[in-house]
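A look at the structure
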Amino acid sequence: MNKFNAVFCAVAFASLLNACQSTSEPRQVTAETNTPTQESQNTLKIYKASKADYESWLAKMEESKSLRLYDDDLVDDLFDAWDDAVDVYEDFASNPAKATEDYSLFSDGTYAEIFDKRLSKVDGLFDQLQTLKTTADSLLAESIAEMAYLGEIGADELYASRYNRLASDYRKLFAYVADNDIDDAQVKQVVFLENAKKLEIAVVLKTHVEPLKNQITLLRREGFKSVAPISFTKSEASLEQAVASVNANPRDIDAINAAVAAVQFEIDHVKHIGQEVKRFRNVDNGKFEPLILELENRLHAIAQALEGLDLRNQPMQQQALVLEEKAQMLNTALTSKPDVDPQLAKLMSELDKVQSDLSMSQQEKASLTAQVTTLEEQNSKNEGLIDDLKMVIDTIKPKGDSSVTEVSAEPIDRL
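Rules behind the numbers
- Every chain is numbered independently, its residues counted from 1 as its sequence is written.
- Only residues with pLDDT of at least 70 are given local features in this predicted model, and only at 80 or more are side-chain atom pairs given and counted; all residues enter the totals for whole chains, interfaces and linings.
- Where side-chain values are given, they derive from all heavy atoms of the structure, hydrogens and water being excluded.
- Note on conventions: DSSP H or I runs of at least 4 residues are helices, E runs of at least 2 residues are strands, and numbering of each starts at the N terminus.
- Burial status follows relative accessibility: with a 1.4 Å probe on protein chains alone, a residue under 20% of its type maximum counts as buried, one over 50% as exposed, and anything between as partly exposed.
- For this analysis, residues touch if any pair of their heavy atoms sits within 4.5 Å.
- Accessible surface is estimated by sampling points in the Shrake-Rupley manner with a 1.4 Å probe; for residues, cover comes only from the protein chains shown.
- The span one expects for a helix is its residue count, reduced by one, times 1.5 Å.
- Residues adjacent in sequence count toward polar contacts only when both atoms are side-chain atoms; beyond that, a polar contact is any pair of N or O atoms within 3.5 Å, and within protein one must be able to donate a hydrogen and the other to accept it.
- Nonpolar core, defined: a set of buried Ala, Val, Leu, Ile, Met, Phe, Trp, Tyr and Cys residues in which side-chain atoms within 4.5 Å join the residues together.
- Basic side-chain nitrogens of Lys or Arg form a salt bridge, by our definition, when they fall within 4 Å of a carboxyl oxygen of Asp or Glu.
- For helices, the fitted line uses only the C-alpha atoms of the stretch in contact; every axis is such a line through C-alpha atoms, and the angle between N-to-C directions lies from 0 to 180 degrees.
- Each angle gets one of four labels, with under 35 degrees taken as roughly parallel, over 145 as roughly antiparallel, 65 to 115 as roughly perpendicular, and the rest as oblique.
- Put simply, a crossing is left-handed when the front helix is turned counterclockwise from the back one by less than a right angle, and right-handed when it is turned clockwise.
- Throughout this entry, Asp, Glu, Lys and Arg are counted as charged residues, while Ala, Val, Leu, Ile, Met, Phe, Trp, Tyr, Cys and Pro are counted as nonpolar. The remaining residues, Gly among them, count as polar.
- Ring pairs shown here join Phe, Tyr and Trp side chains whose ring centres sit within 6.5 Å, with only the six-membered ring taken for Trp; geometry is labelled stacked below 30 degrees between planes, edge-to-face above 60, and tilted in between.
- The residues that make up patches have over 30% relative accessible area and no salt bridge, and they are joined within 9 Å when like-charged or within 5 Å when they are Val, Leu, Ile, Met, Phe, Trp or Tyr.
- A score between 0 and 100, pLDDT records how confident the predictor is in each residue.

Okay, the overall build of the protein chain next. When helices and strands are tallied, the protein chain shows 15 helices and zero strands. Per-residue burial over the protein chain gives 24% buried out of 415 residues. Of the contacts made within the protein chain by residues no fewer than 6 positions apart, 63% connect residues no fewer than 24 positions apart. Summed over all atoms, the accessible surface of the protein chain reaches about 28,100 Å², with 55% contributed by carbon and sulfur.

This next bit is on helix α3 (residues 72-92). Look at α3: 31 Å from first C-alpha to last across 21 residues, which is about the 30 Å you get at 1.5 Å a residue. Among all positions of α3, only L74, V75, L78, F79, A81, W82, A85, V86, V88, Y89 and F92 are buried. With a side-chain oxygen positioned 3.2 Å from the backbone nitrogen of D73, the residue opening α3 is D71.

Moving on to the nonpolar core. Judged by nonpolar contacts, the single largest core of 45 residues is most densely connected at F92 and L150. Elements with a minimum of two residues in this core: α2 (38-64), α3, α4 (111-139), α5 (141-152), α7 (160-178) and α8 (182-221). With 12 residues, α4 is the largest single contributor of residues to this core. Excluding anything up to four places from it in sequence, L150 contacts A155, Y163, L166, A196, L199 and E200. Listed in part, the 17 residues of the second largest apolar core include I201, V209, L212 and I256.

Moving on, we come to the pattern of salt bridges. Taken as a whole and assessed by the stated rule, the structure comprises 12 salt bridges. With a closest N to O distance of 2.7 Å, R220 and E236 form a salt bridge. Note that R220 is positioned in helix α8 and E236 in helix α10 (residues 229-248), a separation of 16 residues in sequence. For R220, a relative accessible area of 37% translates into the label partly exposed. Given a relative accessible area of 23%, E236 falls into the partly exposed group. Among the charged side chains, a salt-bridge network with shared partners connects E146, K197, E200 and R251.

This paragraph deals with the packing of α3 against α4. Contact pair α3 / α4: the axes reach a minimum separation of 9 Å and the direction vectors enclose 160°. On the basis of the axis angle, α3 is roughly antiparallel to α4. Pair α3 / α4 crosses with left-handed handedness. Here L74, V75, D77, L78, A81, W82, D84, A85, V88, Y89, D91 and F92 of α3 lie close against α4, whose contacting residues are Y111, A112, I114, F115, R118, L119, K121, V122, L125, F126, Q128 and L129. Its residues assigned to classes, the contact of α3 with α4 comprises 18 nonpolar, one polar and five charged.

Turning next to the environment of L212. Within the secondary structure, L212 is located in helix α8. Since its relative accessible area comes to 3%, L212 is described here as buried. Here the alpha-carbon distance between L212 and Q264, two residues 52 residues apart in the chain, equals 6.9 Å. Aside from chain neighbours lying at most four places away, what touches L212 is L239, V260, V263, Q264 and I267.

Further remarks concern the packing of aromatic side chains. In this structure the tally under the stated criterion is 12 aromatic pairs. Measuring from centroid to centroid gives 5.3 Å for Y70 and F174, while their planes differ by 85°, and the two rings are edge-to-face. Here F174 lies in helix α7 and Y70 lies in the loop between α2 and α3, a separation of 104 residues in the sequence. Each member of the pair Y70 and F174 is classed as buried.

Okay, the packing of α4 against α7 next. Two elements in contact, α4 and α7, have axes whose closest approach is 10 Å; the angle formed by their N-to-C orientations is 125°. Compared by their axis directions, α4 and α7 come out oblique. Considering the relative orientation of α4 and α7, their crossing is right-handed. Of α7, the residues touching α4 (which contributes L132, T135, A136 and L139) are F174, V177 and A178. Residues that form the contact of α4 with α7 fall into these classes: six nonpolar, one polar and no charged.

Together, I302, L306, L330 and L334 give the surface a local cluster of nonpolar side chains, amounting to about 350 Å² of exposed area. Tracing the sequence through the fold places L330 in helix α13 (residues 316-336).

Bringing the confidence of the model for the protein chain into the picture now. Any residue range with low pLDDT should be treated as having predicted coordinates unsuitable for detailed reading. Across the protein chain, pLDDT averages 79, with 72% of residues at or above 70. Under a pLDDT of 50 for its full length, residues 1-36 has, in the predicted model, 11 contacts with residues more than four places off or in other chains. Across residues 399-415, confidence stays below pLDDT 50; counting only partners more than four residues off in sequence or on other chains, it has eight contacts.

Inspection of the secondary structure puts S64 in helix α2. Residue class for S64 comes out buried when judged on its relative accessible area of 1%. What S64 contacts, discounting residues up to four positions off in sequence, is V75, L78, F79 and F126.

The structure is reproduced here in structure tokens:
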């Protein structure tokens, strides 16, 4: 009985091998002989469709690498499904005829059909990821924009630890959306935005205001607070205003730049006043006059430049008031003055006319010059003819006959 079973199994196995060979050999022969039967044409069409699907999905999978923020596990599932589909495609990618062969003895489809089934799973997971992305992009739009802006201003470099903690909270927002915990995502987003705004303010303060603060601190160490307390206090007040501007709106760059410029102005003023005070402190009581005269000379130079005034017989404060009044009057006159001075416009018109006349004169001069040149050329030509005639006469007249020369000279001159 056992021998019979063994023989039966051997015969059945041999028949199965022959059957497998009979199904594959004709396709290989058809491919080798290049005979375009209807079956081979359908196979090539199926293969091309599978190849086009593969290339299309390959591009989509490259794009999907950046979607891990939305759901890391879903992206892993997507790539696992893609790997399964690629395993099938690689089996017939270099052999188009194999696309319509049975995938295995126990499968219910060809290589191309199994590839399509596995792509269907990839497609389903990809659609889930895209739907999730659309929902998260809408719900977390403010957080996405805020995180991008923090990257632009270099928050990750200036405050690495705070930025990393914030980035962790940022990823958790997407995890809430992936788990469909929409309420939690909205609540946590409020907290995230508050912390993100604080970090944004800290970055702007460190970038724009902290260098000014360091300058004021250095001035305090150098004793400017005691030397020029009024000016130093003004510089500190302007610094506080700059900080307030940043806190009010860290993205109002124009307002921040204006506040920063104001602080820098006050810092420079402190330096100037402090140096002047120190200079006066080092002067003996009997040597103040040269310094006072120096200040008065500065006012006198301004007065001379304005209207040639000499106000040195008046107190310096009075001189300053007079100069201020003159400056205001000059400013008013300049402001009320028309954009185009009538007298200047008239002069410009006359200048244009003169230039036009000069242009005409130049044209006439050029014409006359051309005429003179023509006459000179004609005259030169005539002189050449006269010289030639003289040579002919000298040749044909008898030697020593002066009368011929005298008679012939008059007609030649007429020529």
